[in-house]
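Inside the fold
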Amino acid sequence: MATVSAYEQCKTKLHLAELYHKQSFSQDTKNVAAQVIKNTINAYEAVSGLSGGNSGVAQLNPISSYKNYIIKLTTLGIPALDVFDWVATEAMATANTQILFTKYVRMSDKGNSQKGDVIADPFGIYYRGSHMDSDREDATDYRYQSERTVDAFVNGNTTDAQGFNLRWTPIRKGSVKVTIGDTVADEVTGTATTTAEGYDYTFIGNDVDDDGNKTENGITVSINYTTGAISITTGTASEDNIVVNYDYDNVNLPANDIPTYGAVVEAIPMVAKPHKVRIVFDALSNLIYKNDYGIDIAKELPKKAVEDFMYSIAMEVSDAIVEAAPTSRYTLNWGLSVQNGWIAQHYASFGSVLQAAAAAITKITKIFAGNRVFIGSALVPVVMAVPGFKATNTDGKIGTQLIGTLGNMKIYYKQNMDDYTYVVFSKGTGTEFCVGLLGMYMSALPASIVPTQLLEFADGLNEQGFYSLYDFKIINPMLSVKGVVSPAN
């Protein structure tokens, strides 16, 4: 029998959720949401006894209870669907899980490359250091696979001969060039002299003028092409590092060594944490409100609980993105002050500011660009004046709101953000294209007092609980850039 996917099982519920939130979502989002909903239904059935298990919880009409639960699930199933448009999501099969990822790294030192340099991982390419570090170094080195390389040594600040060993052997004749400060001894232009014992060739460095005239510069180099042993003598003591550029024979067999790549698997731990809320109301008060004012608290209060979940999760995620976003020297300085009264023209230039921030992300990661933007209140009228801005419907929305698009950028107004701050960040189709990761175990499930409907006591007190289990982590802050504009004078 063919296996039915979680999406096929839950697509009707997902459609209802889209109608409730007045949004449509990508297939990737729907697939994750479907798995979360399926896990939640399974958990409900286990608690309620619908799957054949025994539950110690007192039950009301199970069929009515189940239908009521499914209705709630369409709104509670994904408490804050906007979040899927900001960060990556993973359905957690267990409350404690790990998200695995692979790093491809250099396994040997060579030239400007170091062992452990990242060639590629979900967070960027060609960098050195932690992917969480805004000051991570560029590790681009197109010479790593080639015969050309370089070694650097600490200078002993002496005129005596200093011996070192070059890392890569055998060394090709005619390729050695020694640099100490501004002085260069090149094997090609150097003058051969008596070969020192234990070495294959000795030469004295020359300075060459525009006419081709040579003048000895005091650096003497002896080299053993097979072992890589090198001796360097200078006429003047210096503290400048000794840098040796050379070619190693990468055709020679058997090879002593060759540059090596490797793969390292690492994990991001995710622990689903509970988030709980309870609603209570008095049956008599509800009767009066319903009859006199047409307000049914039994229906309205759960909606507010749902909104609270949506708002809280959305704010937790968006606040974390803003807090983690680094500043960048590649962003443009911009202010609200207008010269000569040309407001529209000046505001239109803010589009270039956002594009510069998106490009700053590419500058650091080399493969990503920003396509989402959070802005403070002072920048809302500004982005609306940028050519190409298309506004969206914001009716009935709470929390951080999508107010429009600008090219491939989605612009969100974040109310609790500093008025003059903007954050540009990246959101793609996979974890590797996102600032953060939201792991959802069970997106929302009524508390286990009564799993699906209100509990009413003899004194008229009604109560129901809701809880959510999820974990959120910032995993790649380099996919975001924070900027601040100057207020108007």
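Before going into details, it helps to say that this report is about the structure given with it. Treat the numbers as computed from the prediction; the structure is a model and nothing was measured. Note that residues are indexed from 1 along each chain, following the sequence as it is written. Under the rules for a predicted model, residues below a pLDDT of 70 receive no local features and side-chain atom pairs below 80 are neither given nor counted, while totals for whole chains, interfaces and linings still include all residues. The basis for the side-chain values is all heavy atoms of the structure; hydrogens and waters are excluded.

**Here's the deal with the environment of V481**
Position of V481 among the secondary structure elements: in strand β25 (residues 480–484). Residues V481 and A356, 125 residues apart in the sequence, show an inter-C-alpha distance of 9.9 Å. Setting aside its immediate chain neighbours within four residues, V481 contacts A325, P326, S328, T331, A357, A360, I361, Y422, V423 and V424. Only DSSP runs of H or I covering at least 4 residues are called helices, and only runs of E covering at least 2 are called strands; the numbering of each starts at the N terminus. Residues are treated as being in contact if the distance between any of their heavy atoms lies within 4.5 Å.

**Some remarks on helix α4 (residues 283–293)**
An α-helical segment advances 3.6 residues per turn. Residues three or four places apart therefore align on the same side. For the purposes of these results, a polar contact is taken to be a pair of N or O atoms within 3.5 Å, where, inside protein, one atom must be able to donate a hydrogen and its partner to accept one; residues adjacent in sequence count only when each atom of the pair is a side-chain atom. For α4, the N-terminal cap is D282; the gap from its side-chain oxygen to the backbone nitrogen of L284 is 3.3 Å. Two residues or fewer after α4 comes G294, characterised by a positive phi angle close to 75°.

**Describing the pattern of salt bridges**
Put simply, a salt bridge is a Lys or Arg side-chain nitrogen that is within 4 Å of an Asp or Glu carboxyl oxygen. Following the criterion strictly, the structure yields ten salt bridges and no others. In this structure, D85 and R372 form a salt bridge, with 2.9 Å as the shortest nitrogen-oxygen distance. Separated by 287 residues along the polypeptide, D85 in the loop between α3 (62–76) and β1 (88–91) and R372 in strand β17 (residues 372–375) bring together distant segments of the chain. Its relative accessible area of 12% is what places D85 among the buried residues. A residue is classified by how much of its surface remains accessible, and R372, at 10% relative accessible area, is buried. Only protein chains enter the calculation, and the probe is 1.4 Å; a residue is then buried if its accessible area is under 20% of its type maximum, exposed if over 50%, and partly exposed in between.

**Digging into a nonpolar patch on the surface**
The grouping of L284, L287, I288, Y289, Y293 and I295 at the surface amounts to a nonpolar patch, some 620 Å² of accessible area in total. Considering the arrangement of structural elements, one finds I288 in helix α4. Like charges within 9 Å and nonpolar side chains (Val, Leu, Ile, Met, Phe, Trp, Tyr) within 5 Å are joined into patches, using only residues over 30% in relative accessible area that form no salt bridge. Per-residue and other accessible areas follow the Shrake-Rupley method at a 1.4 Å probe size, with only the shown protein chains counted as cover for residues.

**Topic: unusual backbone geometry**
Omega for the bond connecting T169 with P170 falls within 30 degrees of zero, at -5°, which places this linkage in the cis form. Although it is not a glycine, N157 adopts a positive phi angle of roughly 55°. Take N157: it is sitting in the loop between β6 (148–153) and β7 (162–165).

**Quick word on the packing of aromatic side chains**
Think of it this way: a Phe, Tyr or Trp ring, Trp meaning its six-membered ring, pairs with another when their centres are within 6.5 Å, and the plane angle makes it stacked under 30 degrees, edge-to-face over 60, tilted otherwise. This structure, assessed with the given rule, holds twelve aromatic pairs. Seen from their ring centres, F350 and Y422 are 5.8 Å apart, and the 90° between their planes marks the pair as edge-to-face. Here F350 is found in helix α7 (residues 350–365), whereas its partner Y422 is found in strand β21 (residues 421–425), with 72 residues between them in sequence. When its relative accessible area of 1% is taken as the criterion, Y422 is described as buried. Between F374 and F425 the ring centres are 4.9 Å apart and the planes differ by 55°, which places this aromatic pair in the tilted class. Of this pair, F374 sits in strand β17 while F425 is found in strand β21, placing the two residues 51 residues apart along the sequence. Each member of the pair, F374 together with F425, is buried. Connected via pairs of aromatic rings, a cluster forms that spans W86, F374, Y412 and F425.

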